[in-house]
Amino acid sequence: MTDVEVLAPRDVPLGGPRAMRVRRTLPQRHRSLIGAWCFIDHYGPDEVDETGGMVLPAHPHTGLQTVSWLFDGELEHRDSVGSLATVRPGEINLMTAGRGISHTEVSTRDTTTLHGAQLWIALPDDSRHVEPRFEHFAPDPVRGPGWEARVFIGSLLGASSPVAVHTPLLGAEVMLAPGRSLEVEVDPTFEHGVLLDVGTVDVDGQELAPSDLAHLPHGRSTLTLTAQEEARLLLLGGPPFGEPIVMWWNFIGRGHDEIAGYRQEWQDQIAAGGGPDDVVPDGREVSAGRFGTVDLDLPPIPAPVLPNVRLKERR
C-alpha cells in the first residue's frame, strides 16, 4: 500500500471580472502546507487572445515569498521596492514580501500562450518581518539518460540554487522522456510534493494526471518518478513547517487580528491613492508605508470583506 496522497486541483478565478482560471492544489481543507510551500496555482496553456492572459494590478503580500515559474510565455513583474523584471520560462523570480510589499504581474505584449505555476512559501516567525526584496535566477539544466532538471530552490541531482529562502526547501522542474524512470535521492527530513504539468507519471507507484499534486511524507531517502509518456513536473519539498499560520487573501500572519490589521492598512492606502501623507475619507492620514506603491497605471485590487467568523489557524 502506497503512502503517496494525491491532491486533485480545483478550478478558481484569479482576480477581476475577466479573471483567468487557475487550477489550485494547495491549500486544501485537510492539507495546508508541504514543508513551507503553502500555495500552488497551475495555469495554462492559455491562448492569450482568447483569455486576456494575466492582468494582476497592484496587490499586497505579507509574511511569505512568491515564486513565479513559467513553462511558456512571459510576464512583466513590478513591485514596490522598485523591481522591474520579465518572468521567462525556466527562470525563477522570487519575491520576499516580509513585513509587506505590493506588486503587479501582467502578460507581455508578445506573449501568445501563457503556461506556468505560481507558488508561495510561508516565512517562519523569526523571518516574517524581514525587509522586502526581489531575486532572479536562471538555473542551468542538469541532464541524464532520458531526463532533464532545473533546480530553482535548494539542491538536487548535483545542482544548487543561490536564491535566499528562510527554511530548508527544494524546488525543481523535471522533464522525463517516455518510458523513463528517475530515482532521486532526497533529504529524509523533507516531505515532498510532485505537481504534474503535462504527461502521465507514477510517483513511487502512484499514478498522477496533469495538475494533480502528490504528497509524500518525510522519512524516505529516495523517490522514483516513472513517465508513461513525455512528462514535465515540479518537485517541491521541505521539512514539516511546524508553525501554525493564518492565511487569508494575499496575507500570511499569526492571528485573525493581525490579518485584519494588514487588510485595513491596504484599504486605507488605496482609499488615499497610495501616496505619502494622504488622507482617507474619515480624515486619518496614511502613507504607502507598509506596502509601498507600484509604477503601473492600473487601479490596485481592493481586499475582499473579511468573513463573519474569526480566521482559523492552518498547520
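Computed from a prediction, not measured in an experiment: that's the story for all the values here.

1. Let's talk about the environment of Asp 3
Structurally, Asp 3 is set in the segment before β1 (5-7). Sequence-distant contacts of Asp 3, that is, excluding residues within four places in its chain, are made with His 215, Pro 217 and Arg 220. Looking at Asp 3, its side chain comes within polar contact range of the side chain of Arg 220, at 3.0 Å.

2. Topic: the confidence of the model for the protein
In this model, the protein carries a mean pLDDT of 92, and residues with pLDDT of at least 70 account for 93%. Residue range residues 275-287 is modelled with pLDDT below 50. Its contacts to residues more than four positions away, or to other chains, number 26 contacts.

3. Considerations on the packing of aromatic side chains
Applying the stated criterion to the full structure yields seven aromatic pairs. Plain terms: the ring middles of Phe 251 and Tyr 262 are 5.8 Å apart, the flat faces sit at 50° to each other, and that makes the pair tilted. Residue Phe 251 is found in strand β26 (residues 251-253), and its partner Tyr 262 is found in helix α2 (residues 256-271); the two are separated by eleven residues along the sequence. Summarising the burial analysis for this pair, Phe 251 and Tyr 262 share the class buried. Through successive ring pairs, a cluster of aromatic residues spans Trp 248, Trp 249, Phe 251, Tyr 262, Trp 266 and Phe 291.

4. Let's talk about the nonpolar core
One finds Trp 37, Cys 38, Val 67, Ile 92, Phe 152 and Ile 153 to be the most contacted residues of the largest nonpolar core, which totals 38 residues. Counting only elements with at least two residues in this core, the list comes to β4 (37-47), β6 (64-72), β9 (92-96), β11 (113-122), β12 (133-137), β14 (147-153) and β24 (231-238). With five residues, the single largest contributor to this core is β11.

5. Description of the sheet that holds strand β7 (residues 75-79)
The four strands are arranged β5-β10-β7-β8 in an open sheet whose pairing can be described as antiparallel. At either end of the open sheet lies a strand with only one pairing partner, and these are β5 (55-61) and β8 (84-87). The average undirected angle you get between the axes of adjacent strands in this sheet is 20°. The pairing of β7 with β8 spans four bridges and is antiparallel.

What counts and how
- Residues numbered from 1 in each chain as written.
- Predicted model: local features only at pLDDT ≥ 70, side-chain atom pairs only at ≥ 80, totals over all residues.
- Heavy atoms only, no water.
- Helix = DSSP H or I, 4+ residues; strand = E, 2+ residues; numbered from the N terminus.
- Contact = heavy atoms within 4.5 Å.
- Polar contact = N/O pair within 3.5 Å; in protein donor to acceptor, adjacent residues only side chain to side chain.
- pLDDT = per-residue confidence, 0-100.
- Phe/Tyr/Trp six-rings, centres within 6.5 Å; stacked < 30°, edge-to-face > 60°.
- Buried < 20%, exposed > 50% of the residue type's maximum accessible area, 1.4 Å probe, protein only.
- Core = buried A, V, L, I, M, F, W, Y, C linked by side-chain atoms within 4.5 Å.
- Pairing = 2+ DSSP bridges.
- Axes fitted to C-alpha atoms, helices over the stretch in contact; angles between N-to-C directions.

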